[in-house]
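# Structural description and commentary
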Amino acid sequence: MAEPAAPPLAAIDELAAGEEVAIGAAGPAGIPGRARSERIQRVIAYTAMFALALVFFIPFLWSVSTSLKPLPETANFSLLPHTWTVAAYREAWTKYDFARYIMNSAIVSVAITFTSVFLAAIGGYAFARLRFPGRNVLFFVVLGTLMIPDQLRLVPIYRMLTIFPVTHWNLVDTYQGYWAIKMVSATALFLMRQYFLTIPRDLEEAAVLDGAGYFKTFWRVMLPLAGPALAAIAILEFQGTWNDFFWANLLLQSPTHWTMQVGLAQFFWSYGTLWNNLMAASVIALLPVVVIYLFFQRYFVAGVASAGVKG
Amino acid sequence: MAIAVPKRRLFGRTKRPGAAREALVGYAFVFVPMAVFLLFFIYPIGYAVYISRFDWGILGPLESLGWKNYSHLWHDTLFRRAIKNTVEYTVWVVPAQMALGLLLAVVVNQRIRFRTFFRGAFYFPSLASSAAITAIALYLLNINGLFNKIFGLHQAWFYETKTALPAITALNAWTTSGTMMLFYLAALQAIPTDVYEAAAIDGAGPWRTFWKITFPLLKPAHFFVAVVSIIGAMKVFDQNYIVSRGTGGPAYATYSVVLYIYNTAIKDSALGLAAAAGVVLFLIIFLFTIVQWALFGRQEAA
């Protein structure tokens, strides 16, 4: 069966842990005359690397700095604000309704993350452990969905949510519709199955012998053992939903339903040059994902890298 | 030891005790995910093809057209423009992403201090949402922005026909390079160290070692990253949409295929034509996905 190409998780894990991995030989030591030129080389290399890192950081530093300036000051180019103020945040939060967009984003992101993690875990467990006729065919279907680009789904899904088959619900511009199309993720299910396959069978066999049912075994024994995988896919799903623009923009149309990302685009279209407010809103939009990255880097990197299968 | 192990059979008559119950539980556990996959992923493919064969307005199908929507696309100058823009974007962004990703991966793969810091710094733009990063880029590249100030230029990068698409290309090359870095890093770490030791004994310098040894050994990674980034590039939408407020402007310079699908479906309510464009895009992406799986599926999973 053609399985999607996930990068070797072990390598990424090691990487995420920040361990020193010896790559390249440590040049022959103790040759006189080398030390000085090597030191110079090293200084040049570090300077170049810090410069590169600075280039990557400058846009963010500049937007944070701008978000702390009063509007007239955004016209000049001082690196730090002359007058420090959080007025831009306060205005974004209250006057321009970003408090509401943050709430909306939080609600849909948390709901979708919970659902998709639960469904990925229970489905992944079944595909990894339980034997039922047609299992391989169904799993192949799951993997097949990875090949379907969202852009092909745009028209049929929009149509389906406008007039839902059979029931004729109109789910466009509702959280239910948005939640429904995002509530499962093939990547997450695939990763959970792979993880469950690595857990030794002894533990659950003991549970089964103790008379625990399948759900209880899954819930009490397997799920606690799958902590790292659950964390990785939870972060992956949260980031994916929080950052989503494509579906949120298509489906959540009325201003009361806008998520952070949609609100940000709409704010730019309406008040394009209120740079300090726009940057404050952008910083707010970035913050949750950045905080998660800083605290859970290890799981984060593993999840994102294995999600590359999505393309 | 010759202990007769009963062969596991799913459909056989020799049933393990509780096999029926296990199968039933299995179906129950996969029911909800499978139902959603079938309803919102598999069914829409067929439905998209079905819709694409109609003149389909806001209220539903108006007239059966056969494959006329497809021939209409072929002659539609706007669709051709969208294809041209998307291909042009892809041709530039893919090598840029790959080169930048490889450079960053090589840098953070060295035995250096502050590895975690550098990795974080280079990965940072990949964390950001497309909306936030586009807002920041719009600010940096506006006519009175920091970029023009630093380089002494006076250019409205996102609003002039010649520079709008290149500006989006540069933006996306920058924001995706961190993800490409991760793929390359995984591949770099898989290269055994003795190869480098041998090169060092032969007196090869770092430059030569990279081009003669590391670069060729990364061949599978090059293919993998290329396919992933081509597929991603074909779907470019968010930045174009936000920058141009959905118009694909200035003068259609940023009109991408997905923007065409979106506008045709949502603004013009021509669902049939939009679905046809979606099917065409799917076929192109499908081709690349098949190539990716055929080349890397087995070997990476092993």
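In this text the structure is predicted, and so the values were computed from the model without any measurement. (Residues numbered from 1 in each chain as written. Chains lettered and ligands numbered in written order. Predicted model: local features only at pLDDT ≥ 70, side-chain atom pairs only at ≥ 80, totals over all residues.)

### Here we look at the overall build of chain A
- Counting secondary structure elements, chain A contains 15 helices and 0 strands.
- In chain A, buried positions account for 45% of the 311 residues. (Helix = DSSP H or I, 4+ residues; strand = E, 2+ residues; numbered from the N terminus. Buried ≥ 20, exposed ≤ 12 C-beta atoms within 10 Å, placed from the backbone.)

### What to know about the overall build of chain B
- Helices and strands together make up the secondary structure of chain B, namely 13 helices and 2 strands.
- The C-alpha atoms of chain B give a radius of gyration of 25 Å, which is well past the 19 Å a tight globule of 302 residues would have.
- Considering only C-alpha atoms, chain B reaches an extent of 85 × 75 × 30 Å along its principal axes.
- A fraction of 68% describes how many contacts in chain B between residues 6 or more apart in sequence connect residues 24 or more apart. (Rg over C-alpha atoms; globule rule 2.2 N^0.38 Å. Contact = placed C-beta atoms within 7 Å.)

### Description of the nonpolar core
- Judged by nonpolar contacts, the single largest core of 172 residues is most densely connected at M192, I233 and L264 of chain A together with Y184 and A277 of chain B.
- A per-element tally of this core places helix α7 (residues 164-189) of chain B first, with 15 residues.
- The residues that make up this core include at least three from each of domain 1 (19-70) and domain 2 (71-301) of chain B.
- Discounting chain neighbours no more than four positions away, the residues touching M192 of chain A are A120, A121, G124, A226, A229 and I233 of chain A. (Core = buried A, V, L, I, M, F, W, Y, C linked by C-beta atoms within 7 Å. Domains from an automatic or database assignment.)

### Quick word on unusual backbone geometry
- With an omega of 0°, the peptide bond running from G249 of chain B to P250 of chain B counts as cis.
- A positive phi is found at H168 of chain A, a non-glycine position, where the angle reads about 60°.
- Within the secondary structure, H168 of chain A sits in the loop between α6 (150-162) and α7 (175-182).
- Residue classification places H168 of chain A among the exposed positions, given that 8 C-beta atoms sit within 10 Å.

### A word on the domain arrangement of chain B
Residue and element names in this part refer to chain B.
- If you check the domain split of chain B, you get domain 1 (19-70) and domain 2 (71-301).
- Between the C-alpha centres of domain 1 and domain 2 the distance comes to 31 Å.
- Listed by contribution, the elements that provide at least two residues to the side of domain 1 that touches domain 2 are α1 (19-51), β1 (54-57) and α2 (68-75).
- Looking at which element gives the most residues to the side of domain 1 that touches domain 2, the answer is β1, with 4 residues.
- Here the residues of the side of domain 1 that touches domain 2 sort into 9 nonpolar, 3 polar and 2 charged. (Nonpolar A, V, L, I, M, F, W, Y, C, P; charged D, E, K, R; others polar.)

### Details of the pairing of β1 of chain B
Residue and element names in this part refer to chain B.
- Residue alternation in β1 divides its side chains into a buried set, F54 and W56, and an unburied set, D55 and G57.
- As defined by bridge partners, β1 adjoins strand β2 (residues 60-64) across 4 bridges and the pair is classed as antiparallel. Bridging from a neighbouring strand, W56 pairs with P61 of β2. (Pairing = 2+ DSSP bridges.)

### As for the interface of chain B and chain A
- Of the residues lining the interface, 87 residues belong to chain B; the matching set on chain A comes to 84 residues.
- Considering every element that reaches the side of chain B that touches chain A, the biggest residue donor is α1 of chain B, with 20 residues.
- Across the side of chain B that touches chain A, the residue classes tally to 64 nonpolar, 14 polar and 9 charged.

### A closer look at the packing of helix α3 (residues 77-109) of chain B against helix α10 (residues 219-234) of chain B
Residue and element names in this part refer to chain B.
- In contact at an axis separation of 9 Å, α3 and α10 are set at 140° when each is read in the N-to-C sense. Between α3 and α10, the interaxial angle falls into the category oblique. As α3 packs across α10, the resulting crossing turns out to be right-handed. Contacts from T86, Y89, T90, V93, V94, Q97, M98 and G101 in α3 reach V225, A226, S229, I230, A233 and M234 in α10.
- Partitioned by chemical class, the residues of the contact of α3 with α10 number 9 nonpolar, 5 polar and no charged. (Axes fitted to C-alpha atoms, helices over the stretch in contact; angles between N-to-C directions. Parallel < 35°, antiparallel > 145°, perpendicular 65-115°, else oblique. Left-handed = near helix turned anticlockwise from the far one by under 90°.)

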